[in-house]
Amino acid sequence: MLILFIIVFIDLVGFGLIIPLLPFYAEHFQASPAQVGLVMATYSLTQFLAAPLWGRASDRIGRRPVFLLSLAGAALSYLWLGFVDSLGMLFAARALGGMMAGNISAAFAYIADITTPENRAKGMGVIGAAFGLGFIAGPAIGGILAGPDPINADFQTPAFAAAGLSVAALLVAIAILKESLSEEIRARLADKPAQKRLAQFRNALSRPKVGMLIGLSFLAVFVIASLESTFAMWSERTYGWGPQQNGYLFASVGLLSAVVQGGMMGPLARRFGERRLIVHGALTLALGVGLIPFSDTLAVLIVAFTFVGFGFSIITPSLNSLISLQVGEEEQGGVMGVARSATTLARVAGPVWAGFLFSVIGKDWPYYSGAVVLIFVMFLARRAFKADSGERTSGKGD
């Protein structure tokens with residue numbers, strides 16, 4: 001698990017380098033807020049198309065080859081990003097990056113391979129911690145490299161640095177990462193007919209519990225993606241911030257996420273259970289997102305993002321853990337690939353929706369709408385888990 005943590009961390013530092021830059025990069029080429037949303041959505045759209053294929057491939061050929069191929073592709077996409085000279089090329093570079101993002105679904109499947117049902121949430125939390133730590137160092141370094149000026153930011157250096165980090169993660173994976181999926185399971189899976197992407201979705205979503213959990217994941221990530229895609233523009237218009245200031249803020253959220261998911265997730269899951277964490281995570285996240293439009297001072301904004309970071313840090317691994325516990329070991333890669341595809345589809349819809357609201361209604365409306373969606377998630381989860389608890393109680397009494 002430690003080796004996987006290191007690989008995902010290095011890779012996510014590279015990914016995090018780009019986060020504070022993209023809205024400014026797109027606006028550098030005269031993109032409107034709606035077009036910025038489309039740029040942010042492009043990566044996730046191609047990732048959505050590719051993720052089930054990567055997930056199924058990891059079931060058949062193993063997790064390790066998927067890691068190696070996707071890390072190499074990510075390095076190429078970041079290198080291309082450094083040479084972008086038009087808005088169209090920016091779209092194309094981000095599209096390639098999304099297609100090569102198969103390492104994320106492979107990471108979740110890898111954790112499912114090496115953990116027991118009892119410590120599954122803790123294992124998912126470790127990967128979440130790698131994400132969080134990546135988003136501590138990545139945005140901060142990216143912001144420093146790009147500079148504080150939104151007009152004259154350096155976009156090339158962070159892109160080349162991200163490419164270098166992906167190469168470093170690739171070399172570590174080649175040298176150290178072992179295969180987690182046994183040859184016996186791969187042999188059994190090789191004899192099964194390949195499922196088409198839509199069939200994979202139908203198979204996963206047709207199971208009521210799995211479908212509901214994937215739906216909740218979609219909505220939670222939809223809101224976070226809306227925030228990520230518009231906040232740089234919001235902060236520029238509200239505070240005059242550039243990539244550097246945004247990088248520091250995202251880094252602080254990453255630090256909180258690492259603390260929660262890396263050190264607190266296991267004890268919290270054992271004490272409260274994943275179901276309660278999902279409900280309370282949605283509520284906390286709603287409070288944070290809804291507070292952003294009222295953040296007239298930095299102190300209020302920090303409080304808002306503290307709620308955002310904590311809420312998302314407990315709801316994400318809890319949902320991933322419950323999803324993985326609903327299926328057998330031979331289906332982990334495929335189902336986690338579908339789950340990952342659903343959340344990347346949310347990262348398509350969220351930025352498009354948020355960019356539209358930002359352009360047409362105003363800069364605060366992505367956050368108002370996000371808070372409403374999360375309140376709906378909270379009530380939907382609470383109702384579903386209450387009904388599930390009632391069914392189990394009734395079954396015991398029969």
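Residues numbered from 1 in each chain as written. Predicted model: local features only at pLDDT ≥ 70, side-chain atom pairs only at ≥ 80, totals over all residues. Heavy atoms only, no water.

J.: It is not clear to me how the overall build of the protein chain should be interpreted in this structure. Could you clarify?
T.: The helix and strand inventory of the protein chain stands at 15 helices and zero strands. Here the protein chain has a C-alpha radius of gyration of 20 Å; the compact-globule value for 398 residues is 21 Å, and the two agree. Once the C-alpha set of the protein chain is aligned to its principal axes, its extents read approximately 65 × 45 × 35 Å. In the protein chain, buried positions account for 59% of the 398 residues. Pairs at least 24 residues apart make up 85% of the contacts formed inside the protein chain by residues separated by at least 6 positions. If you sum the accessible surface of the protein chain, you get close to 15,800 Å²; carbon and sulfur atoms cover 67% of it. (Helix = DSSP H or I, 4+ residues; strand = E, 2+ residues; numbered from the N terminus. Rg over C-alpha atoms; globule rule 2.2 N^0.38 Å. Buried < 20%, exposed > 50% of the residue type's maximum accessible area, 1.4 Å probe, protein only. Contact = heavy atoms within 4.5 Å. Areas by Shrake-Rupley, 256 points an atom, 1.4 Å probe, with all protein chains shown as cover.)

J.: Explain a nonpolar patch on the surface here, please?
T.: A surface patch of nonpolar side chains, about 490 Å² in accessible area, is lined by Leu 283, Leu 287, Val 303, Phe 307, Ile 375 and Phe 379. Among the elements of the structure, helix H12 (243-291), helix H13 (298-325) and helix H15 (365-397) are those that each provide at least two residues to the nonpolar patch. (Patch = residues over 30% accessible without salt bridge, like charges linked within 9 Å, V, L, I, M, F, W, Y side chains within 5 Å. Salt bridge = Lys/Arg side-chain N within 4 Å of Asp/Glu carboxyl O.)

J.: Can you walk me through the pattern of salt bridges in this structure?
T.: Opposite charge on two side chains allows them to pair when their charged atoms are near. Considering all chains together, one arrives at four salt bridges under this definition. Across the pair Arg 347 and Glu 228 runs a salt bridge whose closest N-O atoms are separated by 2.6 Å. With Arg 347 in helix H14 (residues 332-360) and Glu 228 in helix H11 (residues 208-239), this residue pair connects regions lying 119 residues apart in the sequence. A residue is classified by how much of its surface remains accessible, and Glu 228, at 21% relative accessible area, is partly exposed. One salt bridge connects Glu 236 with Arg 237, and the closest N-O pair in it is separated by 3.8 Å. Relative accessible area serves as the criterion here: at 22%, Glu 236 is assigned to the partly exposed category. The structure contains a network of salt bridges with shared partners spanning Glu 27, Glu 236 and Arg 237.

J.: What should I look at first to understand the packing of aromatic side chains in this one?
T.: The way to describe two aromatic rings as a pair is by their centre distance and the angle between their planes. For the structure on display, the rule yields 14 aromatic pairs. Relative to Phe 9, the ring of Phe 5 lies with its centre 6.5 Å away and its plane at 5°, an arrangement referred to as stacked. Residue Phe 5 and its partner Phe 9 are located together in helix H1 (residues 2-18), separated by four residues, close to a single helical turn. In this structure Phe 5 comes out as buried when scored by relative accessible area, which is 18%. Looking at Phe 9, the relative accessible area reads 28%, which means it is partly exposed. Taken together, Phe 231, Trp 234, Tyr 239, Trp 241, Phe 250, Phe 305 and Tyr 367 form an aromatic cluster joined through their ring pairs. (Phe/Tyr/Trp six-rings, centres within 6.5 Å; stacked < 30°, edge-to-face > 60°.)

J.: Sorry if this is basic, but what is going on with the side chain of Ser 226 here?
T.: As for its position among the elements, Ser 226 is in helix H11. What makes Ser 226 buried here is its relative accessible area of 4%. Among the polar contacts made by the side chain of Ser 226, one reaches the main-chain carbonyl oxygen of Gly 350 at a distance of 3.2 Å. If we skip the residues at most four places from it in the chain, Ser 226 touches Gly 350 and Ala 354. (Polar contact = N/O pair within 3.5 Å; in protein donor to acceptor, adjacent residues only side chain to side chain.)

J.: How should the nonpolar core be read in this particular structure?
T.: One recurring pattern in soluble globular proteins is that nonpolar side chains are buried together. Core analysis: the largest hydrophobic core is formed by 112 residues, its most contacted members being Leu 90 and Phe 231. Here this core gets 15 residues from one element, more than from any other, and that element is H11. Other than its neighbours up to four places away in sequence, Phe 231 contacts Trp 241, Asn 246, Leu 249, Phe 250, Ile 292, Leu 301, Phe 305 and Tyr 367. (Core = buried A, V, L, I, M, F, W, Y, C linked by side-chain atoms within 4.5 Å.)

J.: It is not clear to me how helix H8 (residues 156-176) should be interpreted in this structure. Could you clarify?
T.: Every α-helix winds through 3.6 residues per turn, so residues three or four apart in the chain are directed the same way. Over its 21 residues, H8 extends 31 Å from the first C-alpha to the last, a length consistent with the 30 Å expected when each residue adds 1.5 Å. Residues Pro 158, Ala 159, Ala 162, Ala 163, Ser 166, Ala 169, Leu 170 and Ala 173 constitute the buried set of H8. The arc enclosing the buried residues of H8, seen along the axis, measures out at 145°, which places them on a common side. Residues Leu 171 and Ala 175 are exposed on H8 and point more than 90 degrees away from its buried face. (Expected span 1.5 Å × (residues − 1). Arc of directions from axis to C-beta.)

J.: How do you make sense of the environment of Val 36 when you look at a structure like this?
T.: Residue position: Val 36 is located in helix H3 (residues 33-61). Considered as a pair, Val 36 and Asp 113 are 77 residues apart in the sequence and their alpha carbons are 38 Å apart. Sequence-distant contacts of Val 36, that is, excluding residues within four places in its chain, are made with Pro 23, Ala 26, Glu 27, Ala 31, Ser 229 and Met 233.

J.: Whenever I open this one, the side chain of Asn 320 confuses me. Can you help?
T.: By the secondary structure assignment, Asn 320 is in helix H13. Apart from residues lying up to four places away in sequence, Asn 320 is in contact with Phe 108, Met 124 and Met 336.

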